[in-house]
Protein chains: 2
Amino acid sequence: MIKKTCLLIAVTLISFVGIAQTNDEAQLQKIYKTSLTNGKSYEWLDYLSNQIGGRLSGSFNAELAVEYTKEQLETLGLDRVWLQPVMVPKWTRGIKEFAYIEYGPGETNGVNICALGGSVATPAGGLKAHVIEVQGLDELEALGEEKIKGKIVFYNRPMQADLIQTFEAYGGCVDQRYSGAAEAAKYGAVGVIVRSMNLRLDDLPHTGSMSYGDLPVSKRIPAAAISTNGAESLSTMLALNKDIKFFFRQTCKVFPDVQSYNVIGEIKGSTYPDEIITVGGHLDSWDLGDGSHDDGAGCVQSMEVLRLLKETGYTPKRTIRVVLFMNEENGLRGATKYAEVAKEKGENHVFALESDAGGFTPRGFSFDCSDVDFEQILSWKPLFKPYLIHYFEQGGSGADVGPLKGNGTVLAGLRPDSQRYFDHHHAANDTFEHVNKRELELGAATMTSLIYLMDKYGTVAFNKIKG
Amino acid sequence: MIKKTCLLIAVTLISFVGIAQTNDEAQLQKIYKTSLTNGKSYEWLDYLSNQIGGRLSGSFNAELAVEYTKEQLETLGLDRVWLQPVMVPKWTRGIKEFAYIEYGPGETNGVNICALGGSVATPAGGLKAHVIEVQGLDELEALGEEKIKGKIVFYNRPMQADLIQTFEAYGGCVDQRYSGAAEAAKYGAVGVIVRSMNLRLDDLPHTGSMSYGDLPVSKRIPAAAISTNGAESLSTMLALNKDIKFFFRQTCKVFPDVQSYNVIGEIKGSTYPDEIITVGGHLDSWDLGDGSHDDGAGCVQSMEVLRLLKETGYTPKRTIRVVLFMNEENGLRGATKYAEVAKEKGENHVFALESDAGGFTPRGFSFDCSDVDFEQILSWKPLFKPYLIHYFEQGGSGADVGPLKGNGTVLAGLRPDSQRYFDHHHAANDTFEHVNKRELELGAATMTSLIYLMDKYGTVAFNKIKG
């Protein structure tokens, strides 16, 4: 009898698992179909990119983006849409930067540069000096003040082309951009020029954040990125003649912090309203392009997650919240504020997903979570196979969800194909026409599918805490 | 004692497998690194695309491409490079096509069309007729001659957007393009207009092959593709007013067959020279763009396979042959000839790999092979994981390797990301700037890795035949 009962239980369990699987399969199918045939993400991105454009923190465009996305969220029939105030830094580029290499009296080659975000200006008439080329921060000490003082330090270590994941190649280079000026200033350099974080050879300079650390204001030196073609040219000319000089002029400026907002919308959970699942991207962007890949794509995909859940008739058990974070690029103030407020209110964030790696074909996710949670996630992998989503790995999530870490919160980042990302990242060609509609929509559907599963089954770590 | 021996054998086997694995890992690493840091594929494609351009079978450009690729193969130190003669069809587009929708006396809307490959011309002054819109070939019978006679049949079934693999969506539509004219002519239609095989809405018409089947020459009617925007416009206007007329003029023409060539190069196998492994793409292309994705990419990747094997110091056991097939697009004469000659000579083709799905990020391969061979292939899958190559599925290989089917030959096709492919396929924007260097190089490395493994371990089916 016991045997029979066991068998019955086993059979029941198997059918139950079978049905659950089938329901999940059907729900994912609905999500993907709706995204690909009746999606809104591409239309939203068109507006953000082409009607608003680049959305640097503290700019008028950033405020337009806040208004627009709030209005759009309000059309979705969510339970609540609100703005979360946050003070953000305001840095302006000023007039277009100008630079040349001088290799003889009156003999110059123009090159394309752009100020790094947060850099000071050059003197009004520009800055001209000899150049010393280095492959990284660690070369400065060996060279010493004697060889650096009065010169422009030219950081020229390229992104490593044989790394398959381009974000790794970026991670291996970006210290030059972020800390290059602070370090070179310590040895008396008068400016720094950094090779653009770009795997292609082209004429576009790529901006990005930098920091002077604790360097006093009076010691700060201007920093600019040079296009990869410009870097190659400068390096070649230096190899031929160490006496060449580099001239650049930039008029960027830091203003006092200004008021801005995170844009938030939520569907209240039907069963566990106090368990919050957050999905987001960052609404600010750099100013050279229109921020379509970085991170307009992530914003519209996150908005689309909530719309797709509603459109497919799914009622979330947990509270699902979209957060469009302000100021990821040069301050992370929005993410910091969001996590602070969550802590103050004692909110339970069980899962937070970020999309900030471009609107390219999704390949999967990376996770920052416990092993038991990761095991549960891996059990869902077969559900994603029909959609060619195969990448489920531990290690890293995203900058904006990072501050929510702790208390068993599962963090994740969408991982799209990364090969083209740094062709556009922080450059003038991060524009709408480089986003493919289907790729964007597949990303939104993939995110929605994971949010659906996380909502339906909950996270292991948090379920354990609940008991 | 027996137990100990077994243990010893087991341990030896495990270490052996371990070492083999390690060697394979190291070889794949070398292949990928060389392709990404010291590749030639992109430079070759630049020449094919920008110095030669579109390479329609029988054209002067196609012959330039034969010369150029032969010359380049000759620089690689292969054991043999040769041209294999093959007669190919010659069809010319003539002057640019012209079309409009007439919705009132003197009131017209211009639309973008292009003749389908193989179509006859319209009368010299063009063709104007009423239009009947259908969603597919099967609607013709129901409509019957009465409703079709004297009209232009407009095939407007779009590619299905919710299919994840775009080639499936293509497969579900292309009958309209290929057989639409032949079928419509049977009911007295005077011409056909086919919605372009494109998942995007844009203004570019996409050409492609069509056939009149056994329709007598006198019954043949002209066929053209209309851009997706044009198709939407025509359909909307028809819904408003069935009396609108469509005008088009095209001056395309079929000439007698001309002499052309497959371009072939090989490295003779060191151990099993009679076992041939073929890798290839097709050298001809349509004429509207420069054929960068279709299939310049596949050609240069296939050439690069042999170069990478040499460059990484690998000595193939089997004969490795690159074949640049002529006339895939409108005849498949090159592939047919290659297989014929192989049969005549009694060649043993153990493996044939094709790249003809664009130069986008590679995701894996599809295979046409026995289950035992597929099992062996699956055992190699972990080797590809660091390169994000995850797709190994049975079902389909490619048009050019197809005629080699039989005698246990393993056939395979590279499967790159397919989302953007039909944005460019057979259209004026199939051009070099839409190929990303890294994506192309990753494809070449992925192909080389599979060829290396197939060469090293042989195919199961053929090893069995050998005994």
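What you see is a predicted model, and the numbers here were worked out from it, not measured in a lab. (Residues numbered from 1 in each chain as written. Chains lettered and ligands numbered in written order. Predicted model: local features only at pLDDT ≥ 70, side-chain atom pairs only at ≥ 80, totals over all residues.)

Asks: In this structure, what is going on with the interface of chain A and chain B? I would like to understand it.
Replies: Where interface size is given, it is often the accessible area lost as the parts come together that is meant. At the junction of the two partners, chain A supplies 23 residues and chain B supplies 23 residues. Among the secondary structure elements, those contributing two or more residues to the side of chain A that touches chain B are α1 (2-38) and α13 (437-457) of chain A. Ranked by residues supplied to the side of chain A that touches chain B, first place goes to α1(A) with four residues. Residues of the side of chain A that touches chain B, tallied by class, amount to nine nonpolar, five polar and nine charged. (Contact = placed C-beta atoms within 7 Å. Helix = DSSP H or I, 4+ residues; strand = E, 2+ residues; numbered from the N terminus. Nonpolar A, V, L, I, M, F, W, Y, C, P; charged D, E, K, R; others polar.)

Asks: Would you explain unusual backbone geometry in this entry?
Replies: Of all residues except glycine, most have a negative phi; of all peptide bonds, most are trans. Geometrically, the link from Asp294(A) to Asp295(A) is a cis peptide bond, its omega value of 5° lying close to zero. With respect to the secondary-structure elements, Asp295(A) resides in helix α8 (residues 292-311). For Leu332(A), which is not glycine, the phi dihedral falls at a positive 60°. With respect to the helices and strands, Leu332(A) occurs in the loop between β12 (318-325) and α9 (333-344). By the C-beta count within 10 Å, which is 20 here, Leu332(A) ends up buried. Despite not being glycine, Asn327(B) shows a phi value in the positive range, around 70°. Residue placement: Asn327(B) occurs in the loop between β12 (318-325) and α9 (333-344). In this structure Asn327(B) comes out as buried when scored by C-beta crowding, with 28 C-beta atoms within 10 Å. (Buried ≥ 20, exposed ≤ 12 C-beta atoms within 10 Å, placed from the backbone.)

Asks: I'm lost on the sheet that holds strand β4 (residues 113-115) of chain A in this one. Help?
Replies: Each strand in a sheet pairs with its neighbour through backbone hydrogen bonds, running either in the same direction (parallel) or in the opposite one (antiparallel). Residue and element names in this part refer to chain A. Read across the open sheet, the eight strands follow the order β3-β2-β9-β5-β6-β7-β8-β4; overall the sheet is mixed. For this open sheet the edge positions go to β3 (107-110) and β4, each flanked by a neighbour on one side alone. Each adjacent strand pair in this sheet contributes to an overall mean axis angle of 35°, direction not counted. Note: strand β2 (residues 98-104) against β3, four bridges, orientation antiparallel. The residue bridging Ile101 from the neighbouring strand is Asn109, located in β3. The strands touched by helix α4 (residues 139-148) within the sheet are β5 (127-134) and β6 (152-155), with β5 carrying the most contacts at an inclination of about 150°. Here helix α7 (residues 228-240) sits on the sheet in contact with β2, β3, β4, β5, β6, β7 (191-195) and β8 (223-226), set at roughly 85° to β5. (Pairing = 2+ DSSP bridges. Axes fitted to C-alpha atoms, helices over the stretch in contact; angles between N-to-C directions.)

Asks: So what exactly am I meant to see when it comes to the relation of the copies chain A and chain B here?
Replies: Put simply, the two copies of the chain differ by a rotation about an axis and a shift along that axis. Each copy of the sequence occupies a distinct position, and chain A is placed on chain B by a rotation of 180° and an axial shift of 0.0 Å, giving an RMSD of 0.0 Å. Between the two chains, the operation in question is that of a two-fold axis. Across chain A, the smallest distance between a C-alpha and the rotation axis is recorded for His390(A), namely 3.5 Å. When the interface residues of chain A are mapped onto chain B, 100% of them are again interface residues, pointing to one common binding face. (Least-squares fit on C-alpha atoms with pLDDT ≥ 70 in both.)

Asks: Even after reading the chapter, I still don't get the confidence of the model for chain A, so can you show me in this structure?
Replies: Residue and element names in this part refer to chain A. Chain-level statistics for chain A give a pLDDT mean of 95 and a share of 95% at 70 or above. Per-residue pLDDT stays below 50 along residues 10-14; that stretch engages in zero contacts with residues further than four places along the chain or on separate chains. Across the interface, the model reports ipTM at 0.94; the global pTM reads 0.95. (pLDDT = per-residue confidence, 0-100.)

Asks: Even after reading the chapter, I still don't get the sheet that holds strand β11 (residues 272-282) of chain B, so can you show me in this structure?
Replies: All names here are of chain B. Across the sheet, eight strands lie side by side as β1-β10-β12-β11-β13-β16-β14-β15; this open sheet has mixed pairing. Since the sheet does not close on itself, it has two edges, and those belong to β1 (80-92) and β15 (391-394), each with one partner. Across the sheet, the mean angle from the axis of one strand to that of its neighbour is 20°, orientation sign disregarded. The pairing of β1 with strand β10 (residues 253-267) spans 12 bridges and is antiparallel. Pairing of Trp82 across the sheet is with Ile264, part of β10. Along the sheet face, helix α3 (residues 60-74) touches β1, β10 and β12 and points at about 5° away from the line of β10.

Asks: Teacher, can you tell me more about the packing of α8(A) against α13(A) here?
Replies: The axes of two packed helices give the description: the angle between them and the distance between them. Residues and elements named next belong to chain A. The interhelical angle for the contact between α8 and α13, taken along N-to-C directions, is 55°, at an axis separation of 8 Å. With respect to their mutual orientation, α8 and α13 come out oblique. The two elements α8 and α13 cross, and the hand of that crossing is right-handed. Side by side, α8 and α13 meet where Ala297, Gln301, Glu304, Val305, Leu308 and Leu309 of the first sit next to Leu440, Gly443, Ala444, Ala445, Met447, Thr448, Ile451 and Tyr452 of the second. Split into classes, the residues belonging to the contact of α8 with α13 amount to 10 nonpolar, three polar and one charged. (Parallel < 35°, antiparallel > 145°, perpendicular 65-115°, else oblique. Left-handed = near helix turned anticlockwise from the far one by under 90°.)

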